[in-house]
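Letter by letter, the chains look like this.
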Amino acid sequence: MAVALGPNSFVTLLGLSDELKELNGRSGVVGRYDQNDNNWEVRLDRGEVCFLPAANLEVDDCPLCLMPMSGPEPPDQLPCNHYFHLDCLRQIRLSTEDI
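Since we're looking at a predicted model, the values are computed, not measured. Residue positions are given per chain, counted from 1 along the sequence in the order it is written. Residue-level local features of this predicted model are given only where pLDDT is at least 70; pairs of side-chain atoms are given and counted only at 80 or more, and the full residue set underlies all totals for whole chains, interfaces and linings. With hydrogens and water set aside, each side-chain value is computed from the structure's full complement of heavy atoms.

A few points about the environment of Phe-10
Numbered from the N terminus, helices here are DSSP runs of H or I no shorter than four residues, and strands are runs of E no shorter than two. Position of Phe-10 among the secondary structure elements: in strand E1 (residues 10–13). Put simply, Phe-10 and Phe-84 are 74 residues apart on the chain and 9.4 Å apart in space, counted from C-alpha to C-alpha.

Set out below in structure tokens:
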């Protein structure tokens, strides 16, 4: 299923050039689009920011519901650096409170 890339999409960086290859496989959240350079801002998990073309970004899925991590609400990052939909985390918390 193709998902439109946009602000707050959770992405993995792929196929980067040699000077950026250390970022391959890293994940982050898409920010603004720079029309002048035709690149997306990506905020990485360690506070780094990079600007990359859409061809180097793949929208990831939430590991709980398996739906794309995109939409108006940014994904929630846990201290372990894993990302989830905030609603999915709320549902898991509610379902485990009775255990």
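Here the narrative resumes, following the displayed structure.
A look at the pattern of salt bridges
Put simply, a salt bridge is a Lys or Arg side-chain nitrogen that is within 4 Å of an Asp or Glu carboxyl oxygen. A complete count under the given rule lists three salt bridges for this structure. In this structure, Arg-26 and Glu-48 form a salt bridge, with 2.6 Å as the shortest nitrogen-oxygen distance. Taken together, the residues Arg-26 in the loop between E1 and strand E2 (27–34) and Glu-48 in the loop between strand E3 (39–44) and strand E4 (49–52) connect sequence positions 22 residues apart. Among the salt bridges present, the one from Arg-90 reaches Asp-87, with a minimum N-O distance of 2.8 Å. On the criterion of helical spacing, the pair formed by Arg-90 and Asp-87 is a turn pair, its members being three residues apart in helix H1 (residues 86–96).

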